Amino acid sequence: QVQLVESGGGLVQAGGSLRLSCVASGRTFSTYAMGWFRQAPGKEREIVAGINWIGGSTLYLDSVKGRFTISRDNAKNTVYLQMNSLKPEDTAVYYCAATSGIIKRTPTAYDYWGQGTQVTVST
């Protein structure tokens with residue numbers, strides 16, 4: 001069994017920053033890719049950023065490119081999402097997820113999910 005635990009969400013003003021963390025436990029993650037997804041009320045879950053554990057290749061949602069940065073610390077089994085220049089439209093529940101192999105954009109391709117952390121950006 002795999003457990004993913006997110007932290008770092010909260011309320012921030014537009015233009016501010018937050019850093020989300022996701023700690024993985026229970027399995028060896030050397031072959032897993034990690035993704036950060038978000039879901040706003042009434043909207044579908046979408047990938048925000050993803051990173052391969054091997055090689056460090058990344059992908060980003062177009063609307064967050066240049067503002068968000070995904071990174072990982074393999075020794076700590078932790079993946080981070082640094083979010084800068086936050087906008088009200090970034091408000092959502094953010095989820096960490098793991099998938100075998102390489103990063104993918106489709107939520108259904110991910111095997112393990114965290115419980116989510118709320119990010120609220122005020123005007």
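Calculation notes
- Residues numbered from 1 in each chain as written.
- Predicted model: local features only at pLDDT ≥ 70, side-chain atom pairs only at ≥ 80, totals over all residues.
- Heavy atoms only, no water.
- Pairing = 2+ DSSP bridges.
- Helix = DSSP H or I, 4+ residues; strand = E, 2+ residues; numbered from the N terminus.
- Axes fitted to C-alpha atoms, helices over the stretch in contact; angles between N-to-C directions.
- Disulfide = S-S within 2.5 Å.
- Contact = heavy atoms within 4.5 Å.
- Buried < 20%, exposed > 50% of the residue type's maximum accessible area, 1.4 Å probe, protein only.
- Polar contact = N/O pair within 3.5 Å; in protein donor to acceptor, adjacent residues only side chain to side chain.

Chemist: Looking at this model, I keep getting lost on the pairing of strand 7 (residues 68-73). Mind explaining?
Modeler: Residues in a regular strand project their side chains so that they alternate between the two faces of the sheet. The sheet contact formed by strand 7 and strand 8 (residues 78-83) spans 6 bridges and is antiparallel. Each bridged residue has a counterpart across the sheet, and for Phe 68 the counterpart in strand 8 is Met 83. The turn linking strand 7 back onto strand 8 is made up of 4 residues, and Asn 77 within it adopts a positive phi angle of 50°.

Chemist: Hey, could you run me through the sheet that holds strand 1 (residues 3-7) in this one?
Modeler: Across a sheet, strands are paired by hydrogen bonds formed along the backbone, either parallel or antiparallel in direction. Strand order in the open sheet formed by 4 strands is 1-3-8-7, and the pairing between neighbours is antiparallel. Edge positions in the sheet fall to strand 1 and strand 7, since each has one partner strand and no second. Pairs of neighbouring strands in the sheet enclose a mean axial angle of 15°, with direction left out of account.

Chemist: In this structure, what is going on with the state of the cysteines? I would like to understand it.
Modeler: One covalent bond between the sulfur atoms of two cysteine residues makes up a disulfide. Scanning all chains against the criterion turns up 1 disulfide. Two residues share a disulfide in this structure: Cys 22 and Cys 96, whose sulfurs sit 2.0 Å from each other. Since a negative S-S torsion denotes a left-handed disulfide, the Cys 22-Cys 96 link at about -75° is left-handed. Of this pair, Cys 22 sits in strand 3 (residues 18-25) while Cys 96 sits in strand 9 (residues 92-100); the two residues are 74 residues apart in sequence, bridging distant segments of the chain.

Chemist: It is not clear to me how the environment of Thr 58 should be interpreted in this structure. Could you clarify?
Modeler: The residue Thr 58 is located in strand 6 (residues 58-60) in this model. Contact partners of Thr 58, with chain neighbours within four places excluded, come to Gly 50, Ile 51, Ile 70 and Ile 103.

Chemist: How should the pairing of strand 4 (residues 32-39) be read in this particular structure?
Modeler: Counting buried positions over the 8 residues of strand 4 gives 7, a clear majority of the element. The sheet contact formed by strand 4 and strand 9 spans 8 bridges and is antiparallel. By the bridge assignment, Arg 38 is partnered in strand 9 with Tyr 94. Bridge count between strand 4 and strand 5 (residues 46-52): 6 bridges; the pairing is antiparallel.

Chemist: I would appreciate a short explanation of the side chain of Thr 78 in the present structure.
Modeler: Summarising the element assignment, Thr 78 is placed in strand 8. What makes Thr 78 buried here is its relative accessible area of 6%. Separated by 2.8 Å, the side chain of Thr 78 and the backbone oxygen of Lys 76 make a polar contact. Excluding its chain neighbours within four sequence positions, the residues that come into contact with Thr 78 are Ser 21, Cys 22, Val 23, Trp 53, Ser 71, Arg 72 and Asp 73.

Chemist: Help me understand the environment of Met 34, please; the structure alone is not making it clear to me.
Modeler: Relative to the helices and strands, Met 34 is located in strand 4. With relative accessibility at 1%, the residue Met 34 sits in the buried group. Measuring from C-alpha to C-alpha, the distance between Met 34 and Gly 50 comes to 5.6 Å, with 16 residues separating the pair along the chain.

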